[in-house]
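Structure assessment
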Amino acid sequence: MRNPNSPQGRLRAMKPKLRSWQKTGIGFRLRYMDAVTDSSIARDFDTLFSTPLVMKTLARNGVFAIDYRNNRAFANELWLSWGYTVEDMLTGTILDIVHPEDRETIASHYHRLLSGEEDFYTGEYRIRTKPGRTVWVSVSYEVLEREEDGKPVFFLGHDEDVTALHEAQDEIRTRLLEIETLKDLIEGIHQSLDLAKTIDLVMDHLQKVIRFDRASVQLVEGDCLHVIGTYGFRDRMLPDLRFPIKGMSNPPARALETKKTVICNNLGRDFPDFVQVDPEVTIRSWLGIPLVVNEVAEGLLAIDSFQPGYYTEQHVILANTVARQIAMALEHAHAHRHVSIKAETDKLTGIANRYGLDGQGQALFRVALQEGTPLGLLLVDIDRFKVTNDRHGHEHGDKVLGAVSAVVAGNLRGDDFPVRYGGDEFVILLPGANIQEAFSIAERIRLRIAYSAPDEKGVAPTVSIGVHSGIPSEKDELHEYIACADRAMYEAKKMGRNRSCISAESLKA
């Protein structure tokens, strides 16, 4: 039974006095001043959507209307441009073409409109066109009349394509992300003097602004590029990975030679000599930016994609910015390394000092511990050096120190590490040397010094050497190895000097 007190009941009881079309800025809505009858909307529909000029204007401005009672609709140009028809409007196609990520929200509003919970909706969502393109649309529509059971009879609404606006907003968000990421990257590089940590930082931030499958930082070493930092490479591909650059027709060689960015979106066609290191996947697009330090191409930032035609000029701009920061990090690392080497080098002898022992010496000790290999250690002391200084002066003493250190350095293996430990003492680390090998090296050094020609003052120094070797355990420390060799050196002194003596700990072992 009809309820006379309902809004529709009160409207039916009133005579229509005034109705008009009102432009709202987002569409057209029918405004009621007093009342409207069922037939008045139908007559308005007949009048409004039967005049060609009016229909063309409304369609061009995004207006649409649906009359379910008479099974008819008016489609705007936007709806038709998506590839849909008037019949699609009448069959409720809208939820089928809404983007899946927006469908739940739109379905909720649509069902509230159908049920009578609300009469008006405005919002934005994505539509999939018939050809398969996704567009953003701003919509506004209202139910103008319902049946007694609440079922909508007349819909009037407005559509506007706002895809360009959303794309511009996405572009702004992307640029802001790039700016923020590059800001964090630059701050991180300036705060770090460790090149390896800097490369890891670069890879982490680069992936946020440029989507790629693999990336690497490569430094020039002779005729090759040595990979020192990577993203996306398989572990089995990484040990000592190098790429040839001399005599090769490939983009890395071109980038290094020209000191300019090289972009290639079809490697198979443009650079057939490009080295594909992984047989399971093929790099099809490549972006390489030379790392130029003091006008010299020190290396390369290489970014790989498995997709052809992937990289754009925007990628080049971002990669160039990152590459400049890596080059700066290389420059800082070189400067820091130079300062570190200078600080860890004894000025008189040119070999490491105790700061160097704390750095490189500890590193050698850790390697022996981790790999379970022996570490030999010699402690060399110049015999009666104080007498030489007192008799001939400190300047002459410095010459003796220089001569002894030269003999020491000239009789070591490639990985051995000599240190001026202090005064007239030298510590020598011998990676991988057992006690027999360490003693043999000690005797070679001692004899070369003992049989060296006297200097201009007739002084031919001799040395006493303490020898120790062992395989470090977790409870061992480098200073304990030095102490063992030091005790052995004093035993050599007690036994008459100019001799090598093995530590008691090594003899027990």
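Residues numbered from 1 in each chain as written. Predicted model: local features only at pLDDT ≥ 70, side-chain atom pairs only at ≥ 80, totals over all residues. Heavy atoms only, no water.

**What about the overall build of the chain?**
Helix and strand counts for the chain stand at 18 helices and 18 strands. Going through the 509 residues of the chain one by one, you find that 45% of them count as buried. (Helix = DSSP H or I, 4+ residues; strand = E, 2+ residues; numbered from the N terminus. Buried < 20%, exposed > 50% of the residue type's maximum accessible area, 1.4 Å probe, protein only.)

**Quick notes on the nonpolar core**
The biggest cluster of nonpolar side chains holds 26 residues, and the ones touching the most others in it are Trp 79, Trp 82, Ile 94, Tyr 125, Ile 127 and Tyr 141. When contributions to this core are tallied by element, the ones reaching two or more residues are β3 (63–67), α4 (77–81), α6 (94–97), α7 (100–115), β5 (120–128) and β6 (134–146). Take this core: its biggest share by element is five residues, from β6. For Tyr 125, the residues in contact, after removing those within four places along its chain, are Ile 94, Val 98, Asp 102, Ile 106, Val 135, Trp 136, Val 137, Val 139 and Tyr 141. One finds Leu 430, Ala 438, Ile 441 and Val 467 within the second-largest nonpolar core, a separate group that totals 24 residues. (Core = buried A, V, L, I, M, F, W, Y, C linked by side-chain atoms within 4.5 Å. Contact = heavy atoms within 4.5 Å.)

**A closer look at the sheet that holds strand β17 (residues 463–470)**
Pairing within the open sheet is mixed, and its five strands lie in the order β15-β16-β14-β17-β18. Each having just a single partner strand, β15 (417–422) and β18 (500–502) make up the two edges of the open sheet. Neighbour to neighbour, the strand axes of the sheet diverge by 20° on average, direction disregarded. Direction of pairing for strand β14 (residues 375–382) relative to strand β16 (residues 425–431): antiparallel, over a ladder of seven bridges. Within the sheet, the bridge partner assigned to Gly 376 lies in β16 and is Leu 430. On the sheet, helix α13 (residues 354–371) packs against β14, β15 and β16 and is oriented at approximately 135° with respect to β15. (Pairing = 2+ DSSP bridges. Axes fitted to C-alpha atoms, helices over the stretch in contact; angles between N-to-C directions.)

**A word on the packing of aromatic side chains**
Tallied over the entire structure, the rule returns nine aromatic pairs. Put simply, the rings of Phe 64, Tyr 68, Tyr 121, Tyr 141 and Phe 155 touch in pairs and so form one group of aromatic residues. Over the ring of Tyr 421 we find Arg 354; its NZ or CZ atom is 4.1 Å from the centre of that ring. (Phe/Tyr/Trp six-rings, centres within 6.5 Å; stacked < 30°, edge-to-face > 60°. Lys NZ or Arg CZ within 6 Å of the ring centre and 35° of its normal.)

**Some words on the side chain of Arg 420**
With respect to the element layout, Arg 420 can be found in strand β15. Engagement of the side chain of Arg 420 in a polar contact is seen with the side chain of Asp 346, the distance being 3.4 Å. One polar contact links the side chain of Arg 420 to the main-chain carbonyl oxygen of Gly 423, over a distance of 2.9 Å. Excluding residues within four positions of it along the chain, Arg 420 makes contact with Asp 346, Leu 348, Thr 349, Ile 351, Ala 352, Asn 353, Arg 354, Leu 401, Glu 425 and Phe 426. (Polar contact = N/O pair within 3.5 Å; in protein donor to acceptor, adjacent residues only side chain to side chain.)

**Focus on the sheet that holds strand β13 (residues 296–305)**
To summarise the sheet geometry, strands pair through backbone hydrogen bonds and adopt either a parallel or an antiparallel arrangement. The strand order β10-β9-β8-β13-β12-β11 describes an open sheet built from six strands, whose pairing is antiparallel. Both edges of this open sheet fall to β10 (242–244) and β11 (262–264), since each of them pairs with a single strand only. When the angles between neighbouring strand axes are averaged without regard to direction, this sheet yields 25°. The strands touched by helix α10 (residues 251–258) within the sheet are β8 (214–221), β9 (224–231), β11, β12 (285–293) and β13, with β13 carrying the most contacts at an inclination of about 145°.

**Some points on the confidence of the model for the chain**
Chain-level pLDDT for the chain is 80 on average; 82% of the residues reach the 70-or-more range. Confidence drops under pLDDT 50 across residues 4–38; counting only partners more than four residues distant or on other chains, this segment forms 62 contacts. (pLDDT = per-residue confidence, 0-100.)

**Considering the environment of Tyr 355**
Secondary-structure assignment places Tyr 355 in helix α13. Overall, the relative accessible area of 59% leaves Tyr 355 in the exposed class. Measuring from C-alpha to C-alpha, the distance between Tyr 355 and Val 419 comes to 9.4 Å, with 64 residues separating the pair along the chain.

**Some points on the packing of helix α15 (residues 394–410) against helix α16 (residues 435–450)**
Relative orientation of the contacting elements α15 and α16 amounts to 140°, with a least axis distance of 9 Å. One way to sum up the angle between α15 and α16 is to call them oblique. α16 is crossed by α15, and the crossing has right-handed handedness. Contacts between α15 and α16 pair Val 404, Val 407 and Val 408 from the former with Ile 445, Arg 448 and Ile 449 from the latter. Grouping the amino acids of the contact of α15 with α16 by side-chain chemistry returns five nonpolar, no polar and one charged. (Parallel < 35°, antiparallel > 145°, perpendicular 65-115°, else oblique. Left-handed = near helix turned anticlockwise from the far one by under 90°. Nonpolar A, V, L, I, M, F, W, Y, C, P; charged D, E, K, R; others polar.)

**Some remarks on the packing of α13 against helix α17 (residues 478–494)**
At a closest axis distance of 10 Å, the pairing of α13 and α17 adopts a crossing angle of 95°. Our classification of the angle between α13 and α17 gives roughly perpendicular. Here Leu 357, Gly 361, Gln 362 and Phe 365 of α13 lie close against α17, whose contacting residues are Leu 478, Tyr 481 and Ile 482. A per-class count over the contact of α13 with α17 returns five nonpolar, two polar and no charged.

**Some thoughts on a negative patch on the surface**
On the surface, a cluster of negative charge is contributed by Glu 124, Glu 160, Asp 161 and Glu 167. Relative to the assigned elements, Glu 160 resides in strand β7 (residues 152–161). The class of Glu 160 is partly exposed, set by a relative accessible area of 41%. (Patch = residues over 30% accessible without salt bridge, like charges linked within 9 Å, V, L, I, M, F, W, Y side chains within 5 Å. Areas by Shrake-Rupley, 256 points an atom, 1.4 Å probe, with all protein chains shown as cover. Salt bridge = Lys/Arg side-chain N within 4 Å of Asp/Glu carboxyl O. Lys, Arg positive; Asp, Glu negative; His and termini not counted. Charge placed at Lys NZ, Arg CZ, Asp CG, Glu CD.)

**Let's talk about the pairing of β5**
With nine bridges connecting them, β5 and β6 associate as antiparallel partners. Opposite Thr 122, over in β6, you have Ser 140 as the bridge partner. Count of turn residues in the β5/β6 antiparallel hairpin: five residues, of which Gly 132 carries a positive phi of about 100°.

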